[in-house]
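Examination of the molecular architecture
Listed below are the residues making up each chain.
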Amino acid sequence: MNVFNHKRPLRRDNYDLAGALLEFLDRMKAQGQGEAAPCEPDRFALLLTGPAALRKVPGIPGAMGADTLFLCERDGGDAAAVREHCRKLYGADDAAGLAAFAEKEYNTQNDYAQFRSFWKGRPCFDMSGLDERGKFLFNACKDFAELLAPIAGRKGFLAFDCAERLGMWRAAAAAGIITEEEFWAKARPLASAASDRYDSFLEYAAGYLCGACYDMFRGQMAEESKVDKDEMRRYVELNCRVLEQLLTGPWRAFAWYKRPPKQYKLAPGQMRQLLTGYEGGDRVACIASDRITVDGMPVGYLYREAPLDPNAPDSGWRIFAGDESPDYMADAAHFEFYHLNTICNYDASILELLNTPAPAAFRRAGDGWQQEER
(Lines give C-alpha, C1' and ligand atoms only; values in the text may rest on other atoms or scores of the structure.)
Protein backbone atom coordinates (compact mmCIF):
# COMPACT_ATOMS: atom_id res chain seq x y z
CA MET A 1 0.00 0.00 0.00
CA ASN A 2 1.79 3.13 -1.21
CA VAL A 3 -0.07 6.03 0.33
CA PHE A 4 1.66 8.54 -1.95
CA ASN A 5 2.26 7.81 -5.60
CA HIS A 6 5.75 9.13 -6.27
CA LYS A 7 5.50 8.60 -10.04
CA ARG A 8 2.98 11.37 -10.58
CA PRO A 9 3.50 15.15 -10.62
CA LEU A 10 3.35 17.17 -7.40
CA ARG A 11 -0.30 18.19 -7.11
CA ARG A 12 -2.58 19.12 -4.24
CA ASP A 13 -4.77 16.06 -4.67
CA ASN A 14 -1.88 13.64 -5.11
CA TYR A 15 1.12 14.65 -3.05
CA ASP A 16 4.42 13.45 -4.49
CA LEU A 17 6.28 13.06 -1.19
CA ALA A 18 9.44 11.48 -2.57
CA GLY A 19 9.55 14.08 -5.34
CA ALA A 20 9.27 16.94 -2.83
CA LEU A 21 12.12 15.55 -0.76
CA LEU A 22 14.33 14.96 -3.78
CA GLU A 23 13.63 18.43 -5.13
CA PHE A 24 14.74 19.98 -1.83
CA LEU A 25 17.84 17.80 -1.50
CA ASP A 26 18.87 18.45 -5.11
CA ARG A 27 18.55 22.19 -4.51
CA MET A 28 20.71 21.94 -1.40
CA LYS A 29 23.27 19.78 -3.20
CA ALA A 30 23.53 22.30 -6.04
CA GLN A 31 24.73 24.92 -3.56
CA GLY A 32 27.84 22.88 -2.76
CA GLN A 33 29.69 22.74 0.52
CA GLY A 34 32.18 25.59 0.11
CA GLU A 35 34.95 26.06 2.67
CA ALA A 36 34.28 24.36 5.99
CA ALA A 37 36.21 24.47 9.24
CA PRO A 38 37.31 21.25 10.95
CA CYS A 39 34.84 20.06 13.54
CA GLU A 40 35.75 18.80 17.00
CA PRO A 41 33.84 15.72 18.26
CA ASP A 42 31.77 17.47 20.95
CA ARG A 43 30.80 20.38 18.71
CA PHE A 44 29.86 17.80 16.09
CA ALA A 45 27.48 16.14 18.59
CA LEU A 46 25.81 19.50 19.24
CA LEU A 47 25.57 20.22 15.51
CA LEU A 48 23.81 16.90 14.99
CA THR A 49 21.03 18.08 17.30
CA GLY A 50 20.06 20.15 14.28
CA PRO A 51 16.30 20.61 13.98
CA ALA A 52 15.67 19.97 17.67
CA ALA A 53 18.17 22.68 18.69
CA LEU A 54 16.32 25.28 16.59
CA ARG A 55 12.96 24.63 18.25
CA LYS A 56 11.75 26.97 20.93
CA VAL A 57 11.95 25.30 24.34
CA PRO A 58 10.08 27.06 27.16
CA GLY A 59 12.62 28.21 29.72
CA ILE A 60 15.47 28.56 27.23
CA PRO A 61 15.86 32.01 25.64
CA GLY A 62 16.38 31.58 21.92
CA ALA A 63 17.65 28.43 20.24
CA MET A 64 20.10 26.10 22.00
CA GLY A 65 22.60 26.42 19.12
CA ALA A 66 25.77 24.40 18.63
CA ASP A 67 28.45 26.42 20.39
CA THR A 68 28.01 25.10 23.92
CA LEU A 69 25.71 22.89 25.93
CA PHE A 70 23.02 25.15 27.41
CA LEU A 71 22.56 24.73 31.18
CA CYS A 72 19.81 26.75 32.86
CA GLU A 73 21.66 27.15 36.16
CA ARG A 74 24.72 28.50 34.38
CA ASP A 75 23.22 30.27 31.39
CA GLY A 76 20.14 31.99 32.82
CA GLY A 77 17.33 29.68 31.76
CA ASP A 78 14.29 28.55 33.71
CA ALA A 79 14.93 24.94 34.72
CA ALA A 80 11.38 24.43 36.01
CA ALA A 81 9.89 25.51 32.67
CA VAL A 82 12.22 23.18 30.75
CA ARG A 83 11.37 20.32 33.08
CA GLU A 84 7.66 20.92 32.51
CA HIS A 85 8.33 20.99 28.77
CA CYS A 86 9.98 17.57 29.04
CA ARG A 87 7.03 16.26 31.04
CA LYS A 88 4.53 17.42 28.42
CA LEU A 89 6.53 16.45 25.31
CA TYR A 90 8.17 13.24 26.46
CA GLY A 91 5.83 12.14 29.23
CA ALA A 92 8.65 12.11 31.79
CA ASP A 93 10.91 14.42 33.76
CA ASP A 94 13.46 11.88 34.97
CA ALA A 95 16.31 10.13 33.16
CA ALA A 96 14.76 6.65 33.23
CA GLY A 97 11.44 7.87 31.85
CA LEU A 98 13.13 9.84 29.09
CA ALA A 99 15.24 6.85 28.10
CA ALA A 100 12.11 4.68 27.91
CA PHE A 101 10.40 7.30 25.74
CA ALA A 102 13.37 7.43 23.36
CA GLU A 103 13.45 3.65 23.00
CA LYS A 104 9.74 3.59 22.21
CA GLU A 105 9.43 6.65 19.96
CA TYR A 106 12.83 7.37 18.41
CA ASN A 107 13.42 3.92 16.93
CA THR A 108 12.70 4.47 13.24
CA GLN A 109 16.02 2.87 12.25
CA ASN A 110 15.01 -0.39 13.92
CA ASP A 111 11.81 -0.42 11.87
CA TYR A 112 13.77 0.34 8.70
CA ALA A 113 16.16 -2.57 9.34
CA GLN A 114 13.19 -4.91 9.76
CA PHE A 115 11.60 -3.68 6.55
CA ARG A 116 14.82 -4.19 4.60
CA SER A 117 14.87 -7.84 5.63
CA PHE A 118 11.40 -8.23 4.08
CA TRP A 119 12.33 -6.30 0.91
CA LYS A 120 15.34 -8.60 0.44
CA GLY A 121 13.15 -11.69 0.83
CA ARG A 122 14.79 -12.72 4.14
CA PRO A 123 12.22 -11.60 6.75
CA CYS A 124 13.62 -11.24 10.26
CA PHE A 125 10.42 -12.57 11.86
CA ASP A 126 7.27 -14.51 11.00
CA MET A 127 4.33 -12.16 10.47
CA SER A 128 1.87 -14.96 11.24
CA GLY A 129 2.38 -14.09 14.89
CA LEU A 130 0.73 -10.69 14.38
CA ASP A 131 -3.00 -10.11 14.64
CA GLU A 132 -4.88 -8.52 11.73
CA ARG A 133 -4.41 -5.00 13.08
CA GLY A 134 -0.69 -5.62 13.57
CA LYS A 135 -0.30 -6.99 10.03
CA PHE A 136 -2.14 -4.02 8.58
CA LEU A 137 0.03 -1.49 10.41
CA PHE A 138 3.26 -3.35 9.67
CA ASN A 139 2.53 -3.64 5.96
CA ALA A 140 1.40 -0.02 5.72
CA CYS A 141 4.57 1.23 7.42
CA LYS A 142 6.75 -1.15 5.40
CA ASP A 143 5.31 0.06 2.10
CA PHE A 144 5.60 3.71 3.12
CA ALA A 145 9.23 3.21 4.12
CA GLU A 146 9.86 1.55 0.76
CA LEU A 147 8.68 4.75 -0.91
CA LEU A 148 11.48 6.58 0.93
CA ALA A 149 14.11 3.86 0.43
CA PRO A 150 15.52 5.32 -2.84
CA ILE A 151 16.37 8.46 -0.84
CA ALA A 152 17.38 6.92 2.49
CA GLY A 153 19.28 4.02 0.89
CA ARG A 154 21.11 1.55 3.10
CA LYS A 155 21.86 4.34 5.59
CA GLY A 156 18.22 4.53 6.60
CA PHE A 157 16.55 6.76 9.16
CA LEU A 158 19.25 6.84 11.84
CA ALA A 159 19.65 10.63 11.52
CA PHE A 160 16.12 11.24 12.78
CA ASP A 161 16.58 9.05 15.85
CA CYS A 162 19.95 10.62 16.54
CA ALA A 163 18.81 14.25 16.24
CA GLU A 164 15.65 13.76 18.29
CA ARG A 165 17.40 11.83 21.06
CA LEU A 166 20.15 14.44 21.22
CA GLY A 167 17.54 17.21 21.38
CA MET A 168 15.71 15.44 24.19
CA TRP A 169 18.90 14.90 26.21
CA ARG A 170 19.95 18.52 25.64
CA ALA A 171 16.67 19.69 27.15
CA ALA A 172 17.16 17.25 30.04
CA ALA A 173 20.67 18.58 30.67
CA ALA A 174 19.44 22.18 30.52
CA ALA A 175 16.83 21.43 33.19
CA GLY A 176 19.26 19.54 35.41
CA ILE A 177 17.47 16.21 34.94
CA ILE A 178 20.84 14.78 33.93
CA THR A 179 24.29 16.18 34.60
CA GLU A 180 26.58 17.59 31.93
CA GLU A 181 28.74 14.48 32.22
CA GLU A 182 25.70 12.24 31.80
CA PHE A 183 24.69 14.20 28.70
CA TRP A 184 28.05 13.62 27.03
CA ALA A 185 27.96 9.95 27.96
CA LYS A 186 24.71 9.69 25.99
CA ALA A 187 25.62 12.12 23.19
CA ARG A 188 29.01 10.79 22.15
CA PRO A 189 27.82 7.28 21.19
CA LEU A 190 25.00 8.81 19.14
CA ALA A 191 27.45 11.12 17.37
CA SER A 192 29.81 8.21 16.69
CA ALA A 193 27.00 6.18 15.15
CA ALA A 194 26.00 9.08 12.89
CA SER A 195 29.62 9.78 11.94
CA ASP A 196 30.09 6.17 10.88
CA ARG A 197 26.78 5.95 9.03
CA TYR A 198 26.81 9.18 7.02
CA ASP A 199 29.47 11.08 5.08
CA SER A 200 28.08 14.62 5.02
CA PHE A 201 25.50 16.89 6.61
CA LEU A 202 23.48 16.64 3.38
CA GLU A 203 23.26 12.86 3.76
CA TYR A 204 22.33 13.36 7.40
CA ALA A 205 19.61 15.82 6.34
CA ALA A 206 18.22 13.26 3.88
CA GLY A 207 18.11 10.59 6.57
CA TYR A 208 16.45 13.01 8.98
CA LEU A 209 13.78 14.03 6.48
CA CYS A 210 12.93 10.44 5.60
CA GLY A 211 12.85 9.39 9.25
CA ALA A 212 10.70 12.36 10.23
CA CYS A 213 8.16 11.62 7.49
CA TYR A 214 8.08 7.95 8.43
CA ASP A 215 7.64 8.81 12.11
CA MET A 216 4.68 11.06 11.33
CA PHE A 217 3.14 8.44 9.04
CA ARG A 218 3.55 5.72 11.67
CA GLY A 219 1.90 7.89 14.31
CA GLN A 220 -1.05 8.84 12.13
CA MET A 221 -1.63 5.27 11.03
CA ALA A 222 -1.49 4.00 14.61
CA GLU A 223 -4.05 6.57 15.76
CA GLU A 224 -6.39 6.96 12.79
CA SER A 225 -5.45 4.24 10.24
CA LYS A 226 -5.11 6.95 7.60
CA VAL A 227 -2.81 9.80 6.67
CA ASP A 228 -3.68 13.48 6.37
CA LYS A 229 -1.83 14.41 3.17
CA ASP A 230 -2.17 18.15 3.75
CA GLU A 231 -0.68 17.80 7.21
CA MET A 232 2.16 15.71 5.79
CA ARG A 233 2.81 18.39 3.16
CA ARG A 234 2.98 21.12 5.80
CA TYR A 235 5.25 18.97 7.93
CA VAL A 236 7.64 18.37 5.02
CA GLU A 237 7.71 22.06 4.14
CA LEU A 238 8.44 23.01 7.76
CA ASN A 239 11.28 20.51 8.05
CA CYS A 240 12.75 21.60 4.72
CA ARG A 241 12.81 25.21 5.91
CA VAL A 242 14.55 24.22 9.12
CA LEU A 243 17.07 22.02 7.34
CA GLU A 244 17.78 24.75 4.80
CA GLN A 245 18.67 27.05 7.70
CA LEU A 246 21.11 24.44 8.93
CA LEU A 247 22.56 23.48 5.55
CA THR A 248 23.20 27.12 4.64
CA GLY A 249 24.34 28.03 8.17
CA PRO A 250 26.12 25.94 10.81
CA TRP A 251 26.13 22.73 8.79
CA ARG A 252 27.79 24.57 5.94
CA ALA A 253 30.39 26.20 8.19
CA PHE A 254 31.79 22.93 9.57
CA ALA A 255 33.08 19.78 7.91
CA TRP A 256 31.52 16.42 8.68
CA TYR A 257 33.48 14.78 11.48
CA LYS A 258 35.16 11.44 10.80
CA ARG A 259 36.92 9.60 13.59
CA PRO A 260 40.60 8.73 13.01
CA PRO A 261 41.08 5.11 11.90
CA LYS A 262 41.66 2.59 14.65
CA GLN A 263 45.23 1.60 15.41
CA TYR A 264 45.14 -2.17 15.92
CA LYS A 265 47.68 -3.90 18.16
CA LEU A 266 48.39 -6.57 15.55
CA ALA A 267 49.27 -5.85 11.92
CA PRO A 268 47.88 -8.07 9.13
CA GLY A 269 51.35 -9.59 8.64
CA GLN A 270 51.36 -10.81 12.23
CA MET A 271 48.25 -12.95 11.80
CA ARG A 272 48.66 -16.75 11.89
CA GLN A 273 46.15 -19.46 11.05
CA LEU A 274 45.12 -20.66 14.49
CA LEU A 275 41.45 -21.57 14.01
CA THR A 276 41.57 -25.33 13.50
CA GLY A 277 38.95 -27.95 14.30
CA TYR A 278 36.20 -25.34 14.13
CA GLU A 279 32.80 -26.92 13.40
CA GLY A 280 30.92 -23.79 12.39
CA GLY A 281 31.64 -24.01 8.66
CA ASP A 282 31.62 -20.58 7.07
CA ARG A 283 30.07 -18.96 10.16
CA VAL A 284 33.36 -17.45 11.20
CA ALA A 285 32.44 -13.81 11.96
CA CYS A 286 32.23 -12.47 15.50
CA ILE A 287 31.84 -9.10 17.22
CA ALA A 288 34.76 -8.03 19.41
CA SER A 289 35.59 -5.02 21.57
CA ASP A 290 38.29 -2.46 20.84
CA ARG A 291 39.58 -3.21 24.33
CA ILE A 292 40.99 -6.37 22.78
CA THR A 293 41.98 -5.37 19.24
CA VAL A 294 43.05 -1.76 19.90
CA ASP A 295 44.07 -1.72 23.57
CA GLY A 296 45.54 -5.23 23.58
CA MET A 297 43.64 -6.58 26.59
CA PRO A 298 43.08 -10.36 26.85
CA VAL A 299 39.58 -11.77 26.43
CA GLY A 300 37.77 -11.75 29.78
CA TYR A 301 34.20 -12.59 28.77
CA LEU A 302 32.48 -14.00 25.70
CA TYR A 303 29.09 -15.35 24.86
CA ARG A 304 27.35 -16.95 21.90
CA GLU A 305 23.85 -16.09 20.73
CA ALA A 306 21.79 -16.82 17.63
CA PRO A 307 23.31 -15.05 14.59
CA LEU A 308 21.91 -11.63 13.72
CA ASP A 309 21.24 -12.80 10.16
CA PRO A 310 20.81 -16.53 9.48
CA ASN A 311 22.06 -16.01 5.93
CA ALA A 312 25.26 -14.18 6.97
CA PRO A 313 28.58 -15.64 8.20
CA ASP A 314 27.90 -14.50 11.77
CA SER A 315 28.96 -17.17 14.30
CA GLY A 316 27.01 -15.53 17.10
CA TRP A 317 30.13 -15.04 19.28
CA ARG A 318 30.46 -11.69 21.11
CA ILE A 319 33.87 -11.16 22.69
CA PHE A 320 34.92 -8.63 25.35
CA ALA A 321 37.78 -7.79 27.66
CA GLY A 322 35.22 -7.86 30.46
CA ASP A 323 35.99 -4.41 31.88
CA GLU A 324 33.92 -2.36 29.40
CA SER A 325 31.79 0.23 31.21
CA PRO A 326 28.10 0.79 30.36
CA ASP A 327 29.05 4.02 28.55
CA TYR A 328 31.72 2.16 26.58
CA MET A 329 29.24 -0.59 25.67
CA ALA A 330 26.70 1.99 24.52
CA ASP A 331 29.02 3.25 21.78
CA ALA A 332 28.80 0.93 18.77
CA ALA A 333 32.02 2.51 17.45
CA HIS A 334 33.94 0.45 20.04
CA PHE A 335 32.99 -2.81 18.33
CA GLU A 336 33.61 -4.41 14.94
CA PHE A 337 32.97 -7.67 13.12
CA TYR A 338 36.10 -9.82 12.83
CA HIS A 339 37.03 -13.29 11.61
CA LEU A 340 37.25 -15.61 14.61
CA ASN A 341 40.82 -16.43 13.62
CA THR A 342 41.73 -12.76 14.05
CA ILE A 343 40.55 -12.73 17.68
CA CYS A 344 42.27 -16.06 18.30
CA ASN A 345 45.51 -14.30 17.36
CA TYR A 346 44.83 -11.77 20.14
CA ASP A 347 43.98 -14.50 22.65
CA ALA A 348 44.41 -18.14 21.64
CA SER A 349 42.88 -19.38 24.91
CA ILE A 350 39.38 -19.00 23.45
CA LEU A 351 40.02 -21.69 20.82
CA GLU A 352 38.78 -24.46 23.14
CA LEU A 353 35.41 -22.67 23.56
CA LEU A 354 34.42 -21.84 20.02
CA ASN A 355 32.53 -25.05 19.21
CA THR A 356 30.17 -24.58 22.17
CA PRO A 357 26.64 -24.18 20.76
CA ALA A 358 24.48 -21.15 21.51
CA PRO A 359 23.37 -20.05 24.00
CA ALA A 360 26.66 -20.09 25.91
CA ALA A 361 28.75 -17.71 28.01
CA PHE A 362 32.21 -17.94 29.56
CA ARG A 363 34.12 -15.72 31.99
CA ARG A 364 37.85 -15.94 32.62
CA ALA A 365 38.63 -17.57 35.96
CA GLY A 366 42.34 -17.55 36.74
CA ASP A 367 44.10 -19.49 34.00
CA GLY A 368 40.91 -21.11 32.71
CA TRP A 369 37.28 -20.44 31.86
CA GLN A 370 34.09 -20.68 33.89
CA GLN A 371 30.84 -21.29 32.05
CA GLU A 372 27.95 -19.03 33.05
CA GLU A 373 24.21 -18.98 32.49
CA ARG A 374 23.12 -17.14 29.36
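Residues numbered from 1 in each chain as written. Predicted model: local features only at pLDDT ≥ 70, side-chain atom pairs only at ≥ 80, totals over all residues. Heavy atoms only, no water.

When helices and strands are tallied, the chain shows 16 helices and six strands. Across its three principal axes, the chain shows a C-alpha extent of roughly 65 × 50 × 40 Å. Taken across its 374 residues, the chain has 47% of its residues classed as buried. Within the chain, contacts between residues at least 6 apart in sequence are counted, and of these 73% link residues at least 24 apart. About 18500 Å² of surface is accessible on the chain, with carbon and sulfur atoms providing 51% of the total. A gap of 4 Å separates the mean positions of the 46 positive and 55 negative side-chain charges of the chain. (Helix = DSSP H or I, 4+ residues; strand = E, 2+ residues; numbered from the N terminus. Buried < 20%, exposed > 50% of the residue type's maximum accessible area, 1.4 Å probe, protein only. Contact = heavy atoms within 4.5 Å. Areas by Shrake-Rupley, 256 points an atom, 1.4 Å probe, with all protein chains shown as cover. Lys, Arg positive; Asp, Glu negative; His and termini not counted. Charge placed at Lys NZ, Arg CZ, Asp CG, Glu CD.)

The next subject is the packing of helix α11 (residues 201–224) against helix α12 (residues 229–247). The geometry of α11 relative to α12 is characterised by a closest axis approach of 11 Å and an angle of 155° between their N-to-C directions. Overall, the two elements α11 and α12 adopt an arrangement that is roughly antiparallel. As for how α11 packs across α12, the hand of that crossing is right-handed. When α11 is examined against α12, the residues Phe201, Leu202, Ala205, Tyr208, Leu209, Ala212, Cys213, Met216, Phe217 and Gln220 are found in contact with a partner set consisting of Glu231, Met232, Tyr235, Val236, Asn239, Cys240, Leu243 and Leu247. Grouping the constituent residues of the contact of α11 with α12 by class yields 15 nonpolar, two polar and one charged. (Axes fitted to C-alpha atoms, helices over the stretch in contact; angles between N-to-C directions. Parallel < 35°, antiparallel > 145°, perpendicular 65-115°, else oblique. Left-handed = near helix turned anticlockwise from the far one by under 90°. Nonpolar A, V, L, I, M, F, W, Y, C, P; charged D, E, K, R; others polar.)

So, on to the pattern of salt bridges. Here the structure, examined in full by the defined rule, presents 25 salt bridges. Its salt-bridge partner being Glu244, residue Arg27 comes within 3.0 Å of it at the nearest N-O pair. Separated by 217 residues along the polypeptide, Arg27 in helix α1 (residues 17–30) and Glu244 in helix α12 bring together distant segments of the chain. Taking the shortest distance from any N to any O, the salt bridge between Glu84 and Arg87 comes out at 2.0 Å. Pair noted here: Glu84 and Arg87 are both in helix α5 (residues 79–90), with a separation of three residues, about one helical turn. Take Glu84: its relative accessible area is 30%, and that puts it in the partly exposed class. Within the structure, one salt-bridge network assembled from shared partners comprises Lys155, Asp199, Glu203 and Lys258. (Salt bridge = Lys/Arg side-chain N within 4 Å of Asp/Glu carboxyl O.)

To continue, consider the packing of aromatic side chains. Across all of its chains, the model carries 30 aromatic pairs by this definition. Residues Tyr301 and Tyr303 carry aromatic rings whose centres are separated by 6.1 Å and whose planes lie at 45° to one another, so their mutual orientation is tilted. In this structure Tyr301 comes out as buried when scored by relative accessible area, which is 14%. On the accessibility criterion, Tyr303 (13% relative accessible area) is buried. Members of the aromatic cluster, each reached through a chain of ring pairs, are Tyr112, Phe115, Phe118, Trp119, Phe125, Phe138, Phe157 and Tyr214. Positioned above the aromatic ring of Trp169, the side-chain terminus of Lys186 is 4.3 Å from the ring centre. (Phe/Tyr/Trp six-rings, centres within 6.5 Å; stacked < 30°, edge-to-face > 60°. Lys NZ or Arg CZ within 6 Å of the ring centre and 35° of its normal.)

Next up on the list: unusual backbone geometry. Cis geometry marks the peptide bond from Ala358 to Pro359; its omega dihedral reads 0°. Tracing the backbone through its elements, the reader meets Pro359 in the loop between α16 (340–346) and β5 (360–365). At Ser225, a position not held by glycine, the phi torsion is positive, near 60°. In this fold, Ser225 is placed in the loop between α11 and α12. According to the relative accessible area criterion, Ser225 is partly exposed, its value standing at 32%.

Attention shifts here to the packing of α1 against α12. Direction vectors running N to C along α1 and α12 enclose 15°, while the axes themselves pass 11 Å from each other. Here α1 is positioned roughly parallel relative to α12, judged by the angle of their axes. Here α1 and α12 pass one another in a crossing that is right-handed. From α1, Leu17, Leu21, Phe24, Arg27 and Met28 reach across to α12, where they touch Met232, Val236, Cys240, Leu243, Glu244 and Leu247.

When the terminal C-alpha atoms of α11 are compared, their 34 Å separation across 24 residues agrees well with the 34 Å that a helix rising 1.5 Å per residue should span. Among the 24 residues of α11, 17 are classified as buried, and the element is accordingly described as predominantly covered. Residue Ser225 follows α11 closely and has a positive phi angle near 60°. (Expected span 1.5 Å × (residues − 1).)

For α12, spanning 19 residues, the distance from its first C-alpha to its last is 26 Å, which sits close to the expected 27 Å at 1.5 Å a residue. For α12, the full list of buried residues reads Met232, Arg233, Val236, Asn239, Cys240, Val242, Leu243, Leu246 and Leu247. Summarising the contacts, the buried residues of α12 are in contact with α1, α3 (51–54), α8 (132–152), α11 and α13 (250–253). Sitting at the amino-terminal end of α12 is Asp228, which places a side-chain oxygen 3.0 Å from the backbone nitrogen of Asp230. (Polar contact = N/O pair within 3.5 Å; in protein donor to acceptor, adjacent residues only side chain to side chain.)

Most often, soluble globular proteins have nonpolar side chains that are buried together. One finds Leu48 and Tyr204 to be the most contacted residues of the largest nonpolar core, which totals 92 residues. In this structure, Leu48 is in contact with Cys162, Ala163, Leu166, Ala191, Ala194, Phe201, Tyr204 and Trp256, ignoring residues within four places of it in sequence. Counting residues in each nonpolar core, the second largest holds 23 residues, with Tyr278, Ile292, Ile343 and Leu353 among its members. (Core = buried A, V, L, I, M, F, W, Y, C linked by side-chain atoms within 4.5 Å.)

Once that is clear, we can look at the sheet that holds strand β4 (residues 335–339). In spatial order, the strands read β4-β1-β3-β2-β5-β6; together these six strands make up an open sheet with mixed pairing. Across the chains shown, the open sheet's two edge strands, defined by having one partner strand only, are β4 and β6 (368–372). Pairs of neighbouring strands in the sheet enclose a mean axial angle of 25°, with direction left out of account. Relative to β4, strand β1 (residues 285–289) is paired through five bridges, and the arrangement is antiparallel. From the neighbouring strand, Ala285 faces β4, where its bridge partner is His339. (Pairing = 2+ DSSP bridges.)

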